[in-house]
Protein chains: 2
Amino acid sequence: GDQRFADMAAHRQQNLTKPPGSLGRLEELAIWLAQWQGREKPRLERVTIAVFVGNHGVASRGVSAYPQAVTAQMVANFAAGGAAINQIAKAAAAELCVVPIELERPTHDFTEAAAMSPEEYLEAVDAGYRTVPDDCDLLAVGEMGIANTTAAAMLCAALLGGGAARWAGRGTGVDDDGLARKRAAIETALNFHRGILGDPLAVAAALGGRELAAIAGAGLAARQHNVPVLLDGFVATAAVLPLARLDASALDHCRAGHVSAESGHRDLLREMRLLPLLDLDMRLGEASGAGVAILLARAALACHAGMATFTEAGVSGAGD
Amino acid sequence: GDQRFADMAAHRQQNLTKPPGSLGRLEELAIWLAQWQGREKPRLERVTIAVFVGNHGVASRGVSAYPQAVTAQMVANFAAGGAAINQIAKAAAAELCVVPIELERPTHDFTEAAAMSPEEYLEAVDAGYRTVPDDCDLLAVGEMGIANTTAAAMLCAALLGGGAARWAGRGTGVDDDGLARKRAAIETALNFHRGILGDPLAVAAALGGRELAAIAGAGLAARQHNVPVLLDGFVATAAVLPLARLDASALDHCRAGHVSAESGHRDLLREMRLLPLLDLDMRLGEASGAGVAILLARAALACHAGMATFTEAGVSGAGD
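Scoring rules and cut-offs
- Residues numbered from 1 in each chain as written.
- Chains lettered and ligands numbered in written order.
- Predicted model: local features only at pLDDT ≥ 70, side-chain atom pairs only at ≥ 80, totals over all residues.
- Heavy atoms only, no water.
- UniProt positions renumbered as here; feature names shortened; annotations may be inferred.
- Helix = DSSP H or I, 4+ residues; strand = E, 2+ residues; numbered from the N terminus.
- Rg over C-alpha atoms; globule rule 2.2 N^0.38 Å.
- Buried < 20%, exposed > 50% of the residue type's maximum accessible area, 1.4 Å probe, protein only.
- Contact = heavy atoms within 4.5 Å.
- Areas by Shrake-Rupley, 256 points an atom, 1.4 Å probe, with all protein chains shown as cover.
- Buried area = accessible area lost by both parts, 1.4 Å probe.
- Salt bridge = Lys/Arg side-chain N within 4 Å of Asp/Glu carboxyl O.
- Polar contact = N/O pair within 3.5 Å; in protein donor to acceptor, adjacent residues only side chain to side chain.
- Nonpolar A, V, L, I, M, F, W, Y, C, P; charged D, E, K, R; others polar.
- Least-squares fit on C-alpha atoms with pLDDT ≥ 70 in both.
- Pairing = 2+ DSSP bridges.
- Axes fitted to C-alpha atoms, helices over the stretch in contact; angles between N-to-C directions.
- Parallel < 35°, antiparallel > 145°, perpendicular 65-115°, else oblique.
- Left-handed = near helix turned anticlockwise from the far one by under 90°.
- Disulfide = S-S within 2.5 Å.
- Expected span 1.5 Å × (residues − 1).

You'll find chain A entered in an unreviewed UniProt entry as Nicotinate-nucleotide--dimethylbenzimidazole phosphoribosyltransferase, with Bradyrhizobium algeriense given as the organism. According to the UniProt record, the Catalytic activity (unreviewed entry) comment for chain A reads "5,6-dimethylbenzimidazole + nicotinate beta-D-ribonucleotide = alpha-ribazole 5'-phosphate + nicotinate + H(+)".

This is how it looks when you write it as structure tokens:
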């Protein structure tokens with residue numbers, strides 16, 4: 001990011017016909033986009049929504065309300081245009097890029113092995129990295145994958161502590177028994193992998209998932225190309241937690257599109273000092289929350305670029 | 001509103017390819033629009049943003065950071081397309097309807113007289129009532145008027161208690177001295193009008209303002225025509241408070257577009273049992289927050305109408 005463009009955008013905001021600061025987070029969004037795009041007046045011509053998809057060995061532990069077959073069925077639904085994110089992408093005038101990663105080869109069940117080998121992990125990171133167009137003006141990242149809130153809670157428990165109780169929620173709507181199995185799986189894995197919990201990348205490989213690794217890869221590519229990023233919900237945020245543990249400034253180019261209804265998300269955002277743009281009780285994934293947040297970015301830039309200044313409009317300022 | 005259409009829309013939501021309830025408030029928005037439009041699949045073809053504008057005698061008490069001339073200057077800015085709400089209306093594909101009401105004749109200073117006579121009050125209500133097209137699919141209401149957060153805080157203090165300290169905030173950004181004058185004006189008026197505080201309509205006339213009366217009138221017309229309404233911030237919400245005090249169900253067709261940064265708004269929404277859609281630290285008025293919330297309604301209906309059902313998409317349901 002380039003602070004000079006943030007300063008120019010902030011200066012412009014001060015002169016627009018409104019009390020200074022009165023557009024709140026819409027002003028902050030415009031300034032953030034200016035900083036990362038390197039433009040006083042940022043643009044949203046090419047907006048990409050990337051949805052990464054993976055399968056999880058831990059699904060066999062009965063941690064989800066849905067069978068694993070739903071992962072591939074939903075990829076077909078994305079392709080046919082029938083999912084929520086298809087409609088949201090259209091409403092946000094964004095291109096939708098769905099990236100299934102080796103669905104026929106789920107990760108290993110991390111209660112008894114590493115979910116991925118280092119090589120498998122890096123391949124998934126690379127799949128995400130390669131997804132980001134370098135001329136992208138804004139990237140929204142999300143995911144789909146049966147059992148992946150278990151993997152997300154796993155990363156949080158491994159890297160932030162507090163045990164399964166702090167991080168395991170109902171995901172797509174698992175019942176009490178399923179939730180108990182989910183917590184037990186996480187506790188078992190915390191014990192099995194206790195030797196690596198201090199190493200964020202080892203944790204990401206052994207306890208994460210392919211679509212989570214790809215989200216981290218997309219986040220890295222976006223940083224490389226100065227592309228601002230909107231994170232989706234609990235899984236997408238947990239996916240970039242390892243980056244934040246490696247470097248506290250690694251996510252400066254990211255904003256939280258929303259806080260989801262999944263129970264651990266609010267706590268996770270607080271830990272990562274990310275302030276969500278939306279709080280709509282959503283818990284779907286698919287980048288749906290980040291996709292809706294694109295609409296806020298569009299409103300923010302419409303005001304930033306289109307409003308008259310006090311001088312242009314002949315409006316008196318405060319105290320005139 | 002027609003509950004049958006709400007039920008049909010809720011049934012449709014249950015069958016779309018997502019865990020039930022996972023679109024959160026987007027589902028609720030679609031169901032609410034169905035109920036008031038009387039359509040299983042609501043539409044947003046004609047969306048109107050109404051901005052009512054008035055001047056206030058109490059401005060002479062030094063309660064605002066801006067001179068009263070700014071009210072008319074901003075009307076010119078609206079006409080020229082240079083204000084925030086012009087850009088937001090464009091982004092939301094909504095028609096903008098700005099209604100100045102006797103700007104050259106401010107209300108009387110309510111610290112020493114009734115702001116409006118009953119006749120003046122009803123004229124302003126009628127101006128609002130006549131603004132609502134009967135074929136409108138969704139109406140967003142807001143306002144502009146130097147010193148009108150003082151009138152809004154006045155209505156809240158008169159009808160909900162707690163004194164000026166509970167309701168007076170910084171509005172467009174008044175300094176400490178101005179805030180003290182604002183509180184003093186409210187306390188003086190509470191005492192001067194102490195005989196009418198039990199009568200919501202008398203309070204609306206004697207202590208409100210023309211643009212606030214017009215918002216209440218627009219709310220009544222919308223109810224008459226079954227038009228769903230998005231309320232803007234503190235002033236717009238206070239403007240319909242007298243209706244809520246007359247009939248607890250009077251605002252069933254309304255949703256709070258956002259909670260503003262103006263200090264009394266969160267408390268007022270809680271009192272009126274309105275749950276805001278957005279919380280973006282905005283405090284501009286002009287229907288800007290309600291205007292941004294139109295984007296959420298569009299996203300909600302895109303999902304509601306465009307998503308495939310589990311059967312259509314061949315996706316397994318929970319527990320299959």
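That was the structure; now back to the text.
Looking now at the overall build of chain A. When helices and strands are tallied, chain A shows 14 helices and five strands. Relative to its length of 320 residues, chain A is compact, with a C-alpha radius of gyration of 20 Å against a globular reference of 20 Å. Overall, the C-alpha framework of chain A stretches about 70 × 40 × 35 Å when taken along its three principal axes. Within chain A, the fraction of its 320 residues that count as buried is 62%. Long-range pairs, those at least 24 residues apart, make up 79% of the contacts in chain A with a sequence separation of at least 6. Surface accessibility of chain A: about 11000 Å² in total, with carbon and sulfur atoms responsible for 50%.

We now examine the interface of chain A and chain B. Between chain A and chain B, the residue contacts involve 51 residues of the former and 50 residues of the latter. Roughly 4000 Å² is buried in total at the junction of chain A and chain B, and carbon and sulfur atoms are behind 67% of that figure. Scanning the region where chain A abuts chain B turns up zero salt bridges. Taken together, the links from chain A to chain B amount to 16 residue pairs in polar contact (both at pLDDT 80 or more). Only helix 2 (25-37), helix 3 (69-80), helix 4 (84-91), helix 13 (288-306) and helix 14 (310-313) of chain A provide two or more residues apiece to the side of chain A that touches chain B. Ranked by residue count, the leading element in the side of chain A that touches chain B is helix 13 of chain A, at seven residues. Residue classes in the side of chain A that touches chain B are distributed as 30 nonpolar, 15 polar and six charged.

Another aspect to go through is the environment of P118 of chain B. Relative to the assigned elements, P118 of chain B resides in helix 5 (residues 118-129). Through-space distance from the C-alpha of P118 of chain B to that of L16 of chain B is 51 Å; in sequence the pair is 102 residues apart.

What follows deals with the environment of Q68 of chain A. Residues and elements named next belong to chain A. In this structure, Q68 sits in the loop between strand 1 (47-53) and helix 3. Take Q68: its relative accessible area is 30%, and that puts it in the partly exposed class. Considered as a pair, Q68 and G145 are 77 residues apart in the sequence and their alpha carbons are 8.1 Å apart.

Placing chain A over chain B gives an RMSD of 0.0 Å and needs a rotation angle of 180°, together with 0.0 Å of translation along the axis. The superposition operator between the copies reduces to a two-fold rotation axis. A share of 98% of the interface residues of chain A reappears at the interface of chain B, consistent with the copies meeting face to face through the same patch.

A few words on the sheet that holds strand 3 (residues 138-144) of chain B. Residue and element names in this part refer to chain B. Spatially, five strands are ordered 2-1-3-4-5 in an open sheet, and the strand pairing comes out parallel. Two strands close off the open sheet at either side, each with one partner strand: strand 2 (95-100) and strand 5 (254-256). Averaged over all pairs of adjacent strands, the angle between their axes in this sheet comes to 25°, without regard to strand direction. Against the sheet, helix 13 (residues 288-306) touches strand 1 (47-53), strand 3 and strand 4 (229-231), its axis set at about 165° to strand 3.

Moving on, we get to the sheet that holds strand 4 (residues 229-231) of chain A. Strand pairing in a sheet relies on backbone hydrogen bonds. The paired strands run either parallel or antiparallel. Residues and elements named next belong to chain A. Reading across from one edge, 2-1-3-4-5 is the order of the five strands in this open sheet, with parallel pairing throughout. Whereas interior strands pair on both sides, the edge strands pair on one side only; in this sheet they are strand 2 (95-100) and strand 5 (254-256). Going across the sheet, the axis of each strand differs from the next one's by a mean of 25°, ignoring polarity. As paired strands, strand 1 and strand 2 are joined by six bridges and run parallel to one another. In the sheet register, T48 faces strand 2, and the bridge partner there is E95.

Residues and elements named next belong to chain B. At their nearest, the axes of helix 6 (residues 148-160) and helix 9 (residues 200-207) sit 10 Å apart, and the two run at 150° to each other. As summarised for this structure, helix 6 and helix 9 are arranged roughly antiparallel, according to the angle between their axes. Helix 6 and helix 9 meet at a crossing whose hand is right-handed. Of helix 9, the residues touching helix 6 (which contributes A151, M154, L155, A158 and L159) are P200, V203, A204 and L207. Grouping the amino acids of the contact of helix 6 with helix 9 by side-chain chemistry returns nine nonpolar, no polar and no charged.

Right, let's talk about the state of the cysteines for a bit. Residues and elements named next belong to chain A. Taken as a whole, this structure holds zero disulfides over all chains when the rule is applied. The cysteine C136 is free of any disulfide, with C97 supplying the nearest cysteine sulfur at 9.8 Å. Overall, C136 belongs to the buried group, its relative accessible area being 6%.

All names here are of chain A. Evaluation of the coordinates by the stated rule reveals 39 salt bridges over all chains. Among the salt bridges present, the one from E112 reaches R61, with a minimum N-O distance of 3.2 Å. Here the residue E112 occupies a position in the loop between strand 2 and helix 5 (118-129), and R61 occupies one in the loop between strand 1 and helix 3, the gap between them amounting to 51 residues. Residue classification places R61 among the partly exposed positions, given a relative accessible area of 37%.

What follows is about the UniProt feature "active site" (unreviewed entry) in chain A. Residues and elements named next belong to chain A. When the UniProt feature table is mapped onto this chain, "active site" (unreviewed entry) is found at E286. Secondary-structure assignment places E286 in the loop between helix 12 (265-271) and helix 13. Residue classification places E286 among the buried positions, given a relative accessible area of 2%. Among the polar contacts listed, one links the side chain of E286 to the backbone nitrogen of I85, at a separation of 3.2 Å.

Moving on, we come to helix 6 of chain B. All names here are of chain B. In this model, helix 6 (13 residues) spans 18 Å end to end at C-alpha, consistent with the 18 Å of a helix rising 1.5 Å per residue. Counting buried positions over the 13 residues of helix 6 gives 13, a clear majority of the element. Of the residues flanking the end of helix 6, it is G161, one or two places downstream, whose phi is positive at about 80°.

Residues and elements named next belong to chain A. Interaxial distance between helix 6 (residues 148-160) and helix 11 (residues 234-246) falls to 9 Å at its minimum, and their mutual angle equals 30°. With respect to helix 11, the axis of helix 6 lies roughly parallel. In this structure, helix 6 crosses over helix 11, and the sense of that crossing is left-handed. Of helix 11, the residues touching helix 6 (which contributes N148, T149, A152, A153, L155, C156, L159 and L160) are F234, V235, A238, L241, P242 and R245. A per-class count over the contact of helix 6 with helix 11 returns eleven nonpolar, two polar and one charged.

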